[in-house]
2 protein chains.
Amino acid sequence: MRNIAMVVSYDGGAYQGFQSQPSGLTVQDELEKAIRRLSGQDVRLDGSGRTDAGVHAQGQVINFLSTSPIPVERWAIAMNGWLPHDIVVRSAHEMPEAFSSRKSAIRKTYRYSISTGKHPNVFNRRFRYHHYNPLDVEAMRVGIRHLLGEHDFSSFTSAGSTKKSHVRTVYEVRIERDGPDIHLFITGNGFLYNMVRIVVGTLLWVGEGKWKPDCIGPILAARDRSKAGPRAEAHGLVLWEVRYPEPFQMILDNDPASSLWP
Amino acid sequence: MRNIAMVVSYDGGAYQGFQSQPSGLTVQDELEKAIRRLSGQDVRLDGSGRTDAGVHAQGQVINFLSTSPIPVERWAIAMNGWLPHDIVVRSAHEMPEAFSSRKSAIRKTYRYSISTGKHPNVFNRRFRYHHYNPLDVEAMRVGIRHLLGEHDFSSFTSAGSTKKSHVRTVYEVRIERDGPDIHLFITGNGFLYNMVRIVVGTLLWVGEGKWKPDCIGPILAARDRSKAGPRAEAHGLVLWEVRYPEPFQMILDNDPASSLWP
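In the nomenclature of an unreviewed UniProt entry, chain A corresponds to tRNA pseudouridine synthase A from the organism Paenibacillus darwinianus. UniProt's Subunit (unreviewed entry) comment on chain A is quoted here verbatim: "Homodimer."

What follows is the structure, encoded as structure tokens:
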């Protein structure tokens with residue numbers, strides 16, 4: 001069996017999330033359908049993690065086992081011929097047997113984008129939460145830094161979380177301005193259910209001046225969801241990048257299909 | 001009667017063009033419906049020009065006559081409450097009686113965007129024509145300069161054109177690179193039916209090396225549609241900006257609603 005990994009982008013607006021479920025179309029369903037059409041094989045693929053309904057991905061990583069003889073450099077372009085336009089396979093790779101897109105992941109980065117223009121921009125509104133009033137970005141920058149390091153993030157996960165431990169490590173946080181747009185990047189070793197959206201919802205209250213930037217410390221310490229702000233809307237969120245230890249990352253960074261293009 | 005003008009953006013992907021027609025939903029239909037809901041009045045609005053099915057606008061300008069007492073600074077935000085998410089009124093203005101969004105227009109700028117990445121980018125694919133192979137942008141820059149000035153553009157309009165004269169003046173042309181994206185801007189006193197798309201289709205052949213950049217001169221001189229290249233796809237095209245003589249432009253540049261936002 002070959003262990004095939006793919007780096008996948010999607011506009012999650014039309015899907016009930018990444019992972020297959022009894023009702024509603026998911027990104028996983030579309031990917032498995034395209035693999036079946038291409039290889040004739042029914043596979044069950046794994047992703048680095050779920051994304052919720054309406055959440056997007058720039059670099060989701062998936063893998064599955066296949067006996068198909070299709071050369072790995074042909075997979076991406078062939079899959080894109082079968083996939084709907086809002087899902088794009090960016091690259092395909094043959095991985096060592098030990099690789100699991102889910103279990104091997106060591107770092108994930110999410111981006112949350114807010115537009116603060118007077119009106120939504122029709123050309124990126126699908127990927128921006130539109131906030132009518134200006135935000136104090138400096139206050140948000142002070143606030144988000146309290147998340148750095150290892151913490152129990154119970155205050156920042158929805159009641160639905162089934163994880164045994166709520167301890168996670170946040171490695172990097174960054175807020176970039178781009179004209180009327182604000183992009184929050186957060187990198188960690190893993191994220192709880194709805195964690196990024198509750199972090200952003202809380203920071204929005206900081207940016208509005210409703211809460212002080214230093215409120216984040218006591219909210220973390222309380223380990224109580226009711227102390228944090230609201231959950232931000234799904235459509236501003238993008239699973240930006242997933243990183244793996246070597247030798248996996250080296251293989252994922254090298255696109256075998258690049259030889260197919262001039 | 002008040003003469004109300006609005007600057008409107010839209011993602012044209014879901015519409016059968018700007019202008020109302022017997023079959024299919026149009027941007028004009030949606031705008032007239034929103035005006036009716038807001039003011040209780042049936043109006044027939046005029047736009048600076050039609051855009052074809054699937055073509056977008058950053059700054060389309062419309063106007064209509066109304067007896068509604070709604071203050072002009074409230075129109076934009078109130079319209080946006082009724083409009084679908086892919087149409088956004090950016091500003092509203094009370095204009096002199098003589099203003100016509102169509103007849104008063106003196107300059108229009110269109111943007112056509114091409115993505116040359118190996119795969120389409122899911123986050124902007126609705127507004128980019130995806131071209132798999134690299135393009136010779138320098139050759140395209142040489143080619144497009146042949147369009148500057150006053151010419152008979154019969155070679156660059158579809159058979160459907162009903163205009164008496166095919167003479168138009170192109171004031172400015174510009175090609176910008178932004179990573180894998182190429183944006184062509186073309187400004188003129190008016191454009192014939194499908195003119196920008198046929199210009200772009202021809203320049204794509206120049207960029208591919210199929211035709212020489214200096215082919216544009218003889219194509220113009222031939223006044224024969226069959227001498228030009230194919231018509232580029234609609235979804236890469238955006239009506240970028242429309243300009244008017246003073247005092248109209250000054251009024252349009254001043255957004256009365258800006259006092260409503262902090």
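Re the UniProt feature "active site" (unreviewed entry) in chain A
All names here are of chain A. Under the UniProt annotation, the feature "active site" (unreviewed entry) is placed at Asp52. Its location among the elements puts Asp52 in the loop between strand E2 (46–47) and strand E3 (56–66). Aside from chain neighbours lying at most four places away, what touches Asp52 is Gly17, Tyr193, Asn194 and Arg197.

Section: the interface of chain A and chain B
At the junction of the two partners, chain A supplies 31 residues and chain B supplies 31 residues. Counting every contact that joins chain A to chain B gives four salt bridges. Salt-bridge contacts for A:Asp255 lead to B:Lys118; the nearest nitrogen and oxygen are separated by 2.7 Å. Joining chain A to chain B, the criterion identifies eight residue pairs in polar contact (both at pLDDT 80 or more). For the side of chain A that touches chain B, the leading source of residues is strand E4 (residues 87–95) of chain A, giving four residues. A breakdown of the residues in the side of chain A that touches chain B according to their chemical character gives 16 nonpolar, eight polar and seven charged.

Section: the pattern of salt bridges
All names here are of chain A. Taken as a whole and judged by the stated rule, the model has 30 salt bridges over all chains. Across the pair Arg141 and Glu138 runs a salt bridge, and its minimum N-O distance is 2.6 Å. Here Glu138 and Arg141 lie together in helix H3 (residues 137–145), a separation of three residues that amounts to about one turn. We classify Glu138 as partly exposed; its relative accessible area is 49%.

Let's talk about the UniProt feature "domain: Pseudouridine synthase I TruA alpha/beta" (unreviewed entry) in chain A
UniProt's entry tags residues 7–97 and 144–245 of chain A with the feature "domain: Pseudouridine synthase I TruA alpha/beta" (unreviewed entry), counted in the numbering of this structure. Between the C-alpha atoms that bound residues 7–97 of chain A the distance is 17 Å, and the span itself is 26% helix and 29% strand.

Looking at helix H1 (residues 27–39) of chain B
All names here are of chain B. Here H1 contains 13 residues, and its C-alpha end-to-end distance of 18 Å stays within 8% of the 18 Å for a straight helix at 1.5 Å per residue. Next to the buried residues of H1 lie strand E1 (2–10), strand E3 (56–66), helix H2 (72–82) and strand E4 (87–95). Following H1 by one or two positions, Gly40 adopts a phi angle in the positive range, close to 75 degrees.

Looking at the relation of the copies chain A and chain B
Expressed as a screw operation, the relation of chain A to chain B combines 0.0 Å of axial shift with a rotation of 180 degrees, fitting to an RMSD of 0.0 Å. The two molecules are tied by a two-fold rotation axis, judged by turn and shift. Residues of chain A ranked by C-alpha distance from the rotation axis are headed by A:Asn124, positioned 3.8 Å from it. Looking at the interface residues of chain A, 100% of them are also at the interface in chain B, so both copies use one shared face.

Describing the domain arrangement of chain A
All names here are of chain A. For chain A, the domain assignment lists domain 1 (2–104) and domain 2 (107–240). Computed over C-alpha atoms, the centres of domain 1 and domain 2 are 27 Å apart. Facing the 15 residues of domain 1 at the interface are 13 residues of domain 2. Between domain 1 and domain 2, the buried area comes to about 1000 Å², and carbon and sulfur atoms account for 53% of it. The three residues of domain 1 that bury the most area against domain 2 are Asp52, His56 and Gln58, which together make up 44% of that side's buried surface. At the surface where domain 1 touches domain 2, the tally comes to two salt bridges. Across the pair Asp11 and Arg126 runs a salt bridge whose closest N-O atoms are separated by 3.0 Å. Taken together, domain 1 and domain 2 are joined by 10 residue pairs in polar contact (both at pLDDT 80 or more).

Observations regarding the pairing of E4(B)
Residue and element names in this part refer to chain B. The buried count for E4 comes to seven of nine residues, which makes it a mostly enclosed element. Inspection of the sheet shows E1 paired to E4 by eight bridges, in the antiparallel sense. Each bridged residue has a counterpart across the sheet, and for Tyr10 the counterpart in E4 is Ile87.

What about helix H4 (residues 195–207) of chain B?
Residue and element names in this part refer to chain B. Taking 1.5 Å of rise per residue, the 13 residues of H4 would be expected to cover 18 Å, and the 18 Å separating its terminal C-alpha atoms lies within 8% of that figure. Where burial is concerned, most of H4 is hidden: 12 out of the 13 residues are buried. Those residues of H4 lying buried are Met195, Val196, Arg197, Ile198, Val199, Val200, Gly201, Thr202, Leu203, Leu204, Val206 and Gly207. Just beyond H4, the residue with positive phi is Gly209, at close to 85 degrees.

A closer look at the environment of B:Gln16
Residue and element names in this part refer to chain B. By the secondary structure assignment, Gln16 is in the loop between E1 and H1. Its relative accessible area of 41% is what places Gln16 among the partly exposed residues. With near-sequence residues (within four places) excluded, Gln16 lies in contact with Gln21, Ser23, Gly24, Leu25, Thr26 and Ala53.

Basis of the calculations
- Per chain, residue numbering runs from 1 following the sequence as it is written.
- Just so you know, chain letters begin at A and ligand numbers begin at 1, following the order they were written in.
- Only residues with pLDDT of at least 70 are given local features in this predicted model, and only at 80 or more are side-chain atom pairs given and counted; all residues enter the totals for whole chains, interfaces and linings.
- Excluded from the side-chain calculation are hydrogens and water; included are all heavy atoms of the structure.
- UniProt positions are given in the numbering used here, feature names are shortened, and annotations may be inferred rather than shown by experiment.
- Each helix corresponds to a stretch of at least 4 residues labelled H or I by DSSP, and each strand to a stretch of at least 2 residues labelled E; elements are numbered beginning at the N terminus.
- Here, two residues are considered to be in contact whenever any of their heavy atoms come within 4.5 Å of each other.
- What counts as a salt bridge is simple: a side-chain nitrogen of Lys or Arg found within 4 Å of a carboxyl oxygen of Asp or Glu.
- Contacts described as polar in this section are N or O atom pairs within 3.5 Å, which, within protein, must combine one atom able to donate a hydrogen with one able to accept it, while residues neighboring in sequence count only if both atoms come from side chains.
- Residue polarity is assigned by list, with Asp, Glu, Lys and Arg as charged and Ala, Val, Leu, Ile, Met, Phe, Trp, Tyr, Cys and Pro as nonpolar; anything else, Gly included, falls into the polar class.
- Burial classes follow relative accessibility: with a 1.4 Å probe on protein chains only, a residue under 20% of its type's maximum area counts as buried, one over 50% as exposed, and anything between as partly exposed.
- One fewer than the residue count of a helix, multiplied by 1.5 Å, yields its expected span.
- Residues reaching a pLDDT of at least 70 in both copies supply the C-alpha atoms on which the copies are superposed by least squares.
- Each domain's limits were defined by an automated method or a database of domain assignments.
- What gets called buried area is simply the loss in accessible area from a 1.4 Å probe that two parts show on being joined, summed for both.
- Here a strand pair is declared whenever DSSP counts at least two bridges between the two strands.

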